[in-house]
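Here is what each chain is made of, one letter per residue.
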Amino acid sequence: MKLLEGKTVLVTGASTGIGRAAAIGAAQHGADVVINYHSRDEDAEACIAAIEATGQRGLAVKGDVAEPDTAKDFVAKAVEAFGKVDVMVNNAGICPFHAFLDMPVETFERTMRVNMHGAYFMVQAAANQMVAQGHGGAIVAVSSISALVGGEYQTHYTPTKAGVHSLMQSTAIALGKYKIRCNSLLPGTILTEINKDDLADDAKRTYMESRVPLGRLGAPEDMVGPIVFLASDMAAYVTGAALLVDGGMFVNLQ
Ligand SMILES: NC(=O)C1=CN([C@@H]2O[C@H](COP(=O)(O)OP(=O)(O)OC[C@H]3O[C@@H](n4cnc5c(N)ncnc54)[C@H](O)[C@@H]3O)[C@@H](O)[C@H]2O)C=CC1
Ligand SMILES: C[C@H](O)[C@@H]1OC(=O)[C@H](O)[C@@H]1O
């Protein structure tokens, strides 16, 4: 069953990882897909090729989500190409692992700007377009298990992920009257570029795997079903919610 037939889906940070999988998954579910990407033209082109291989239309728009104008440009180009915006998946993010006591100001500020400010501007731009269209919409923000728990080398990152979920809770209220639903996805540890260096340490990777009752770390494709569900009419009465997709890591105290 195709859950996003006829919809236009926008995904940020979609040239790699979870965003890429979500973009291709949305196309497999019948959506035309517009992706935002930061710098790697070849990866973006490959993602568009994969989208088009499903028979759907795809468009890549380059831009740094930390810049407020990027969001307006992304939404405008999507409307110009495909006429409307039905779903925004706010996914772009960074997590440069660093100790707390000597956290460089630039690392802190960049992480805030990309993850938190970027989400705010993207959600706002998509919502304004959805309100103007007048037929509702769905916003899915990729937050994290890190919205619920801390990380020694993630003191700049975990607040952004809690913030993104909080943004979904407040926008669910602000946008409910326009039939726009806002929900968060909370992935556990998923094998992507964001943690490639961190998990190159065998001991760390083995420890992280041992925390997961389902016995393995996640793959980007594990996020597709939950994102498509939240974006689709199957979730018509779901808003302000958080969907934790972590193989059981969070509940594994002992
Ligand atoms: N991999 C994991 O274990 C988890 C990841 N997440 C979140 O998932 C999201 C996607 O990350 P992954 O797929 O894991 O890693 P990734 O590194 O493959 O994807 C992040 C994407 O965001 C893009 N990006 C970074 N800065 C950008 C900017 N300024 N403007 C536009 N795009 C930008 C990158 O180019 C990349 O394509 C992030 O928000 C991350 O915080 C959440 C929980 C766990
Ligand atoms: C980058 C981390 O490995 C990853 O991202 C998160 O949000 C979680 O903390 C994961 O472990």
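Procedures and definitions
For every chain, the first residue of its written sequence is number 1, and the numbers climb from 1 along that sequence. Naming scheme: in the order in which they are written, chains are lettered from A and ligands are numbered from 1. Totals for whole chains, interfaces and linings use all residues, but because this is a predicted model, local features are given only for residues with pLDDT of at least 70 and pairs of side-chain atoms are given and counted only at 80 or more. Based on all heavy atoms of the structure, the side-chain values leave hydrogens and waters out of the count. UniProt positions are given in the numbering used here, feature names are shortened, and annotations may be inferred rather than shown by experiment. We call a residue near a molecule or strand whenever a single non-hydrogen atom of that residue lies within 4 Å of it. Any pair of nitrogen or oxygen atoms within 3.5 Å is treated as a polar contact; in protein, a donor-acceptor pairing is required on top of that, and neighbouring residues in sequence qualify only through side-chain atoms on both sides. All accessible-area figures derive from a Shrake-Rupley calculation using a 1.4 Å probe, and residue coverage is judged against the displayed protein chains alone. A run of H or I in DSSP counts as a helix once it spans at least four residues, and a run of E counts as a strand once it spans at least two, with each numbered from the N terminus. By definition here, a salt bridge exists when the distance from a side-chain nitrogen of Lys or Arg to a carboxyl oxygen of Asp or Glu is within 4 Å. Exposure is judged per residue with a 1.4 Å probe applied to protein chains only, and the accessible area is read against the type maximum: over 50% gives exposed, under 20% gives buried, and values in between give partly exposed. With axes taken as lines fitted to C-alpha atoms, and helix axes fitted only over the stretch in contact, angles between N-to-C directions fall between 0 and 180 degrees. The cut-offs work like this: below 35 degrees is roughly parallel, past 145 is roughly antiparallel, 65 to 115 is roughly perpendicular, and the gaps in between are oblique. Definitions for this section: a left-handed crossing has its near helix turned counterclockwise from the far helix by less than a right angle. A right-handed crossing has that turn clockwise. Whether two residues are in contact is decided by their heavy atoms: any pair within 4.5 Å suffices. As a working rule, the residues Ala, Val, Leu, Ile, Met, Phe, Trp, Tyr, Cys and Pro are called nonpolar, Asp, Glu, Lys and Arg charged, and the rest polar, with Gly in that last group. When the centres of two rings from Phe, Tyr and Trp lie within 6.5 Å, Trp using its six-membered ring, the rings pair. Their planes under 30 degrees apart give stacked, over 60 give edge-to-face, and anything left gives tilted.

The name an unreviewed UniProt entry assigns to the protein is L-rhamnose 1-dehydrogenase (NAD(P)(+)), from the organism Sphingomonas panacis. According to the UniProt record, the Sequence similarities (unreviewed entry) comment for the protein reads "Belongs to the short-chain dehydrogenases/reductases (SDR) family." Entered under Pathway (unreviewed entry) in the UniProt record, the comment concerning the protein runs "Carbohydrate degradation; L-rhamnose degradation."

**Some details on the site of ligand 1**
In the region of ligand 1, 29 residues are neighbours, and Thr16, Asn91, Tyr157, Ile190 and Thr192 sit closest. A distance of 3.3 Å separates a nitrogen atom of ligand 1 from a polar side-chain atom of arginine 110. Coverage of ligand 1 by the protein amounts to 92% of the 810 Å² it exposes when considered alone. Among the elements of the structure, helix H1 (17-28) and helix H4 (105-133) are those that each provide at least two residues to the shell around ligand 1.

**Comments concerning the UniProt feature "domain: Ketoreductase" (unreviewed entry) in the protein**
Per the UniProt record, "domain: Ketoreductase" (unreviewed entry) is found at residues 7-176. For residues 7-176, the helix share is 52%, the strand share is 15%, and the end-to-end C-alpha distance is 19 Å.

**Description of the pattern of salt bridges**
Applying the stated criterion across every chain, the model contains 11 salt bridges. The shortest N-O distance in the salt bridge between aspartate 32 and arginine 57 comes to 2.9 Å. With a gap of 25 residues between them, aspartate 32 in strand E2 (residues 32-37) and arginine 57 in the loop between helix H2 (41-53) and strand E3 (58-62) connect regions that are remote in the sequence. For aspartate 32, a relative accessible area of 12% puts it in the buried group. A salt bridge links arginine 205 to glutamate 209, with the nearest nitrogen and oxygen atoms 3.1 Å apart.

**Section: the packing of H1 against H2**
Running from N to C, H1 and H2 cross one another at 20 degrees; their axes reach a closest spacing of 8 Å. One way to sum up the angle between H1 and H2 is to call them roughly parallel. You can see that H1 and H2 cross each other, and the crossing is right-handed. Counting all contacts with H1, which are made through Arg20, Ala23, Ile24 and Ala27, the residues of H2 involved are Ala46, Cys47, Ala50 and Ile51. In terms of residue class, the contact of H1 with H2 is built from seven nonpolar, no polar and one charged.

**With respect to the packing of aromatic side chains**
Counting across every chain of the model gives one aromatic pair. Note on tyrosine 120 and phenylalanine 121: the rings are 6.5 Å apart at their centroids and 85 degrees apart in plane angle, and the pair reads as edge-to-face. In this structure tyrosine 120 comes out as partly exposed when scored by relative accessible area, which is 43%. Residue classification places phenylalanine 121 among the partly exposed residues on the basis of a relative accessible area of 23%.

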